[in-house]
Every structure is written in structure tokens, then in C-alpha cells.
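A structural walkthrough
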Amino acid sequence: MTLQFIHDKQGNTTGVYIPIEEWRKLKSKYSDLQDEESKDISELSSWQENILNERLEDYYKNPNDVVDFDTTLDKIRKGI
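Here's what I pulled together on the structure shown here.

We now examine the overall build of the protein. The helix and strand inventory of the protein stands at 4 helices and 2 strands. For the protein, the α and β elements follow one another from N to C terminus as β-β-α-α-α-α. For the protein, the C-alpha radius of gyration of 20 Å lies well beyond 12 Å, the compact-globule estimate for 80 residues. Dimensions of the protein, computed from C-alpha atoms along their principal axes, come out at roughly 50 × 30 × 25 Å. Burial status across the protein gives 5% buried among its 80 residues. Within the structure as shown, the protein displays about 7600 Å² of accessible surface, and the carbon and sulfur contribution to it stands at 52%. Once the 11 positive and 17 negative side-chain charges of the protein are each reduced to a mean point, those two points are 7 Å apart.

If you want it as C-alpha cells, here you go:
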């Protein structure tokens, strides 16, 4: 198995990257992995939901006060 370990600035291992083909083999071998992947990832904690609701409310109150992604990225690149 070809794994790549992810490290933080201090050199501590913080994660593992598994190539997708190897992940699929693991899922077929261990059904619990499939169950984990199938869990509803759309569930948010209450603080995340509150932030999203606040941002949506602000957007609905001021729909013209937004900038699209490409424009925002251009401004970042230009240092504006």
C-alpha cells in the first residue's frame, strides 16, 4: 500500500493520504469503512449552522453587496 503521511510544521503526523484505488479496495474488504463514508456529512454542529444562517440572512438583506469568486481572486492577486 502506498500511503503518504501529512505532517504539521513541527513534524507531527496529522493525517494520511490513501490513493483512491487503494481506498476502494479497503472499502470492499472492510464494510465498516463503507458505512463511515456513507454517513450524512451534511450534519452541522449548531455553531456552524448559526454562522451559515447569519451569512444567508445578511445576503438576503443585501443581495447586491456580493462579489463573485473570480473577481475576488483577481483582487487578491492584484493586492487590492
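Now for helix 1 (residues 20-29). For helix 1, the set of buried residues is Glu22, Leu26 and Lys27. Along helix 1, the residues classed as buried sweep out an arc of 140° about the axis, all on the same side. Exposed and facing more than 90 degrees away from the buried side of helix 1 are Lys25 and Ser28.

Pairing between side chains becomes possible if they bear opposite charge and their charged atoms approach one another. Summed over all chains, the structure comprises 2 salt bridges. Notably, a salt bridge pairs Glu21 with Arg24, separated by 2.7 Å at the nearest N-O pair. Residue Glu21 and its partner Arg24 are both found in helix 1; the two are separated by 3 residues, about one turn of the helix. Of the charged contacts, one joins Glu57 and Lys61 as a salt bridge, the two residues approaching to 3.2 Å between their closest N and O atoms.

Right, let's get into the side chain of Lys27. Turning to its location among the elements, Lys27 is positioned in helix 1. If near-sequence neighbours (up to four positions away) are discounted, Lys27 is found in contact with Leu33, Gln34 and Glu37.

Turning our attention to the environment of Gln4. Examined against the element boundaries, Gln4 turns out to sit in strand 1 (residues 4-7). Owing to a relative accessible area of 47%, Gln4 belongs among the partly exposed residues under this scheme. On a C-alpha basis, the gap between Gln4 and Glu21 in space is 14 Å, while along the polypeptide they are 17 residues apart. For Gln4, the contacting residues outside a window of four places in its chain are Gly15, Val16 and Tyr17.

Regular strands place side chains that alternate from one sheet face to the opposite one. Here 4 bridges tie strand 1 to strand 2 (residues 13-17), and the two strands are oriented antiparallel to one another. From the neighbouring strand, Gln4 faces strand 2, where its bridge partner is Tyr17. Taken together, strand 1 and the strand that follows it, strand 2, pair antiparallel across an intervening segment of 5 residues, in which Gly11 is found at a positive phi of about 90°.

Reading the values: rules and limits
- Residues numbered from 1 in each chain as written.
- Predicted model: local features only at pLDDT ≥ 70, side-chain atom pairs only at ≥ 80, totals over all residues.
- Heavy atoms only, no water.
- Helix = DSSP H or I, 4+ residues; strand = E, 2+ residues; numbered from the N terminus.
- Rg over C-alpha atoms; globule rule 2.2 N^0.38 Å.
- Buried < 20%, exposed > 50% of the residue type's maximum accessible area, 1.4 Å probe, protein only.
- Areas by Shrake-Rupley, 256 points an atom, 1.4 Å probe, with all protein chains shown as cover.
- Lys, Arg positive; Asp, Glu negative; His and termini not counted.
- Charge placed at Lys NZ, Arg CZ, Asp CG, Glu CD.
- Arc of directions from axis to C-beta.
- Salt bridge = Lys/Arg side-chain N within 4 Å of Asp/Glu carboxyl O.
- Contact = heavy atoms within 4.5 Å.
- Pairing = 2+ DSSP bridges.

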